[in-house]
Amino acid sequence: MNNFEFVNPTKIIYGEHQVAKLDENIPESAKVLLLYGGGSIKHTGTLDEVKKALGDRTVIEFGGIQANPEYEVLMQAVELIKKEKIDFLLAVGGGSVIDGTKFIAAAVYQDDPWDMLLQSGATIEKAMPIGSVLTISATGSEMNCIGVITRHEKNAKLGFSSPHVFPKFSVLDPSKLLTLPEKQTANGVVDAFVHVLEQYLTYPVNAKIQDRFSEGLLLTLKEEGLKVKSNDKDVAIRGNLMLASTFALNGILGMGVPQDWSTHDIGHQLTALYDIDHAQTLSIVLPGLWKVLKEQKSEKLLQYGERVWDITSGSIEERVDKAVEVTEKFFQEMGLKTKLKDYSLNDESIEEVVGLLEKYDLLPLGEKKNINADTVRKILKTQLE
Ligand code: NZQ
Ligand code: ZN
């Protein structure tokens, strides 16, 4: 295990009816910009609940931050903040709204916010304070310092991170998840599952705490993920999924261990090019990645197979193959597709993905930095049909 420092300053406020606690967590004198997405919070009643909790504070609303938050839209919020002298940002929504809010919080202080994305957040020296009310569990954005922003004009979907953009607090009310469409619930389970795997499924470094935390989260996501399909009004199941997603990407699992974010990096290009939902890109790429890199990852695939899926018999090769197979099947059981053909994509699409990875200088990928353009081609070809 490598040396590490672990800091996570985000306060988690968990439970039903906890939106009321916004009042004690936002300064009374704050002028608040309330940011949200396409409008689900209006139909679900969350917007009214949030406004009630904010009491007499001055609140200005900024809606329309759609899934895969768009640079040009976010820049409109930056202008509004300057004009209205806003001093607190409250994101009400999922990963897209929270990521967008993190970007805005930092972009207010940047000469050219595009640079901030090209340099993965390295130019960020300060950001406005952010709070969040989470309405979909998936990304972990509510307790991390990462954002992923799309800029259609440049065919770009780029991530950034900076300790300055950790939310001060996030309200996690599991009953908010009850209104999610089935597809979004399934996306959330698979996204969180893959977040754990990107930090776990590399090679062993005898990091037992991180490994066992990871396996606990994987088991929970698998069990509760399959249950939620037939028990979609059960708040306790939602709570387990919500906490699992938050802890899957709040920094704990990745402490001092090798990581492999190539499924995400390849998947982001599929979203940038073809607008496929984030999690649905991961369910295509991850099985392909493992099929191509199974020797390099065999020790961890064996451990994962045994501890998460009870795969204990057969030769090493058979057990490794089985671990890959059951994972792809799990994604399918959750309702996600795993082949490029399911989206009418072909060899040309693969070249477009490789082209973008090269354009934004994202290669080589993987825990051993050995995934180059040709490996990406192989990975995606494996999942053609
Ligand atoms: O926009 P509205 O109308 O609110 O509808 C949303 C949206 O259409 C809907 N929704 C959210 N809560 C709801 C609800 N519908 C009914 N009831 C509710 N309670 O769900 C849809 C998806 O929302 P979105 O925020 O896009 O989902 P998610 O949380 O999966 O976020 C995805 C974004 O996060 C990025 C992804 O790339 C993508 O852009 N990621 C962020 C990460 C991070 N910050 O650490 C890491 C991830 O790997 C990921 O890349
Ligand atoms: Zn993700």
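Just so we're clear, the structure is a prediction, and the values are computed from it rather than from any experiment.

K.L.:
Please explain the packing of helix α7 (residues 182–200) against helix α13 (residues 316–333) as it appears in this structure.
P.N.:
Packed helix pairs are specified by the crossing angle of their axes together with the interaxial distance, meaning the distance between the axes. Contact geometry of α7 with α13 gives a least axis separation of 10 Å together with a crossing angle of 155°. The angle between the axes of α7 and α13 places the two elements in the roughly antiparallel class. As α7 runs across α13, the sense of the crossing is left-handed. Between α7, through Val-189, Val-190, Phe-193 and Val-194, and α13, the contact on the second element is made entirely by Thr-327, Phe-330 and Phe-331. Considered class by class, the residues forming the contact of α7 with α13 number six nonpolar, one polar and no charged.

K.L.:
In this structure, what is going on with the site of ligand 1? I would like to understand it.
P.N.:
Neighbouring ligand 1 are 31 residues, the closest being Gly-38, Ser-40, Ser-96, Asp-99 and Lys-157. At 2.7 Å, a backbone N or O of Gly-38 approaches an oxygen atom of ligand 1. Alone, ligand 1 offers 960 Å² of accessible surface; in the complex the protein occludes 88% of this. When residues of the shell around ligand 1 are traced back to their parent elements, those giving at least two are α5 (95–107), β6 (146–151), α7 and α10 (262–274). Broken down by class, the residue content of the shell around ligand 1 amounts to nine nonpolar, 18 polar and four charged. Two domains each put at least three residues into the shell around ligand 1: domain 1 (11–176) and domain 2 (182–381).

K.L.:
How should I be thinking about the pairing of strand β4 (residues 88–93) in this particular structure?
P.N.:
For a regular strand, the rule is simple: side chains alternate between the two faces of the sheet. The buried fraction of β4 is high, at six of six residues. Taking every second residue as pointing to the same face, both faces of β4 are buried, with Phe-88, Leu-90 and Val-92 on one and Leu-89, Ala-91 and Gly-93 on the other. Where strand β2 (residues 31–35) lies against β4, four bridges are found, and the strand directions are parallel. Directly across from Val-32, in β4, lies its bridge partner Phe-88. Relative to strand β5 (residues 130–134), β4 runs parallel, the two being bridged by five bridges. Across the sheet, Leu-90 pairs through a bridge with Gly-131, a residue of β5.

Quick notes on the rules
Residues numbered from 1 in each chain as written. Chains lettered and ligands numbered in written order. Predicted model: local features only at pLDDT ≥ 70, side-chain atom pairs only at ≥ 80, totals over all residues. Heavy atoms only, no water. Axes fitted to C-alpha atoms, helices over the stretch in contact; angles between N-to-C directions. Helix = DSSP H or I, 4+ residues; strand = E, 2+ residues; numbered from the N terminus. Parallel < 35°, antiparallel > 145°, perpendicular 65-115°, else oblique. Left-handed = near helix turned anticlockwise from the far one by under 90°. Contact = heavy atoms within 4.5 Å. Nonpolar A, V, L, I, M, F, W, Y, C, P; charged D, E, K, R; others polar. Near = heavy atom within 4 Å. Polar contact = N/O pair within 3.5 Å; in protein donor to acceptor, adjacent residues only side chain to side chain. Areas by Shrake-Rupley, 256 points an atom, 1.4 Å probe, with all protein chains shown as cover. Domains from an automatic or database assignment. Buried < 20%, exposed > 50% of the residue type's maximum accessible area, 1.4 Å probe, protein only. Pairing = 2+ DSSP bridges.

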